[in-house]
Structures are given as structure tokens and as C-alpha cells.
Amino acid sequence: MSPQSLSQATEAIPVSPPVMVLEDEQPVETPQSTNTQFNEQRNRRTRWNEWLLDVFAMNSFSWAIAIPIELVLAGMSWSEHLKVRLLAVVFNTLIARPFSLYRNWVVGRFGRGGALHNYGVDTFVFLSFQLPLYILNMLLGGASSGEIATACITFMVIAGALGRPYGMYLDCLRRLWLSRRVEADRRVTS
């Protein structure tokens, strides 16, 4: 092969110009990366909404239950009741999501069943989560061991009556929220 034919042969080979890569360059968005970002944002929004739902459920349920107990049975004034409830809002806001996650975990382990089974599971969840917190609150408040024992027995009776109603209330709010979310997703995809 002559040198002239070699140069003619190599001229036919396409050669790309050198490419310079800039480190500051933004990544190119592909449909896949955009979809991933959308899903991440949606998951963050969903977690935030679930937290808000749990906080609303815990605070609204406790306030509704506390009104007759504190105002009628305990004879507290409206002023005392409001102070206690405002403190309870702070405390309930802190424990609402952990309680809900714990309840989901326990229900996942024991499953759903008949009315008696569901009552037992929700009562167990309520007692096993709330009773240690109640005892800690009493200890921090300076209650004596006799007062703590009496309060805990009363709490267990009340928790036995409130565990399942709270579970039903939380499940109802979740169904309402889920149906609203499904409807919003339908509108977005339409």
C-alpha cells in the first residue's frame, strides 16, 4: 500500500473533535432522572402529610377525650384545662408519629382479625406505648409510688377503653386521606 493510498484511506475514517469536560456542568435531565426526582419529592411530601395526619389524629382525639375527664370528672377550671391541653399538644405532637409507626409495626406482626383480635392489638399498642411514658411523666412530676400505682391502674382501665377507638379513628382518617390523595393523583395524570 502506497503512502498516498494510506492517507486517502484514513481520511474516510470519521474522527470526533476533542471534548472538553467542565466540572461545573449540570447533569442532563433524562426522563428517568426527572421521574426519580419527582418520586423523591412525592415521597417527602407523603411522609410530611403522614406526620401531619398522625399529629392531628393524636391531638384531636386526646382533646375530645380530655374535655369530659378534666372538666367534668376532675373538676378542673377552663383555664386549668387549657393550660394542660396546650402542654399536651406539645407532648402529643412529639409522640404522635412514633406511636403510629409502632402501631403499624405491631399490627403488621399480629395482623388484622375479628373485632376481639383488633381490640386486643390496639389495646396492647396503646398500653405498651403510652403507659411507660405516663409513668415517666408522673416520676418527673414528683408523684409518690402510691400515687403512681393508683394513676397507672386508672390509666390501664381508660387505655383499655380507648385503645381500639383511637385505632379506628386513626384508620378512618388514613382512609379519608388516602382517598383524597388518590383523587389528587388522578387529576395530575389526567
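The structure we're discussing is the one just above.
These remarks concern the structure in this document.

Analysis parameters
Residues numbered from 1 in each chain as written. Predicted model: local features only at pLDDT ≥ 70, side-chain atom pairs only at ≥ 80, totals over all residues. Heavy atoms only, no water. Salt bridge = Lys/Arg side-chain N within 4 Å of Asp/Glu carboxyl O. Helix = DSSP H or I, 4+ residues; strand = E, 2+ residues; numbered from the N terminus. Buried < 20%, exposed > 50% of the residue type's maximum accessible area, 1.4 Å probe, protein only. 1 Å grid on protein atoms, 1.4 Å probe; cavity = no way out; pocket = protein on both sides within 12 Å on 5 of 7 lines; lining within 4 Å. Points joined across faces, edges and corners; volume = space filled by probe spheres on them. Nonpolar A, V, L, I, M, F, W, Y, C, P; charged D, E, K, R; others polar.

**A closer look at the pattern of salt bridges**
- Tallied over the full model, the rule gives seven salt bridges.
- Salt-bridge contacts for R174 lead to D54; the nearest nitrogen and oxygen are separated by 3.9 Å. Here R174, found in helix α5 (residues 145-189), pairs with D54, found in helix α2 (residues 31-73); they are 120 residues apart in sequence, far enough to count as distant.
- Judged by relative accessible area, which is 2%, D54 ranks as buried.
- For D171, the salt bridge is made with R103, and the minimal N-O distance between the two is 3.0 Å. Here R103 lies in helix α3 (residues 78-110) and D171 lies in helix α5, a separation of 68 residues in the sequence.
- When its relative accessible area of 15% is taken as the criterion, D171 is described as buried.
- The exposure class assigned to R103 is buried, which follows from its relative accessible area of 1%.

**Side note on the layout of surface pockets**
- The calculated volume of the largest pocket comes to roughly 940 Å³.
- Contributing to the lining of the largest pocket are 31 residues, with E70, R85, Y134, N137 and F155 lying nearest its centre.
- At the level of elements, α2, α3, α4 (115-140) and α5 are the ones that each hand at least two residues to the lining of the largest pocket.
- Take the lining of the largest pocket: its biggest share by element is nine residues, from α3.
- Here the residues of the lining of the largest pocket are counted per class, giving 23 nonpolar, six polar and two charged.

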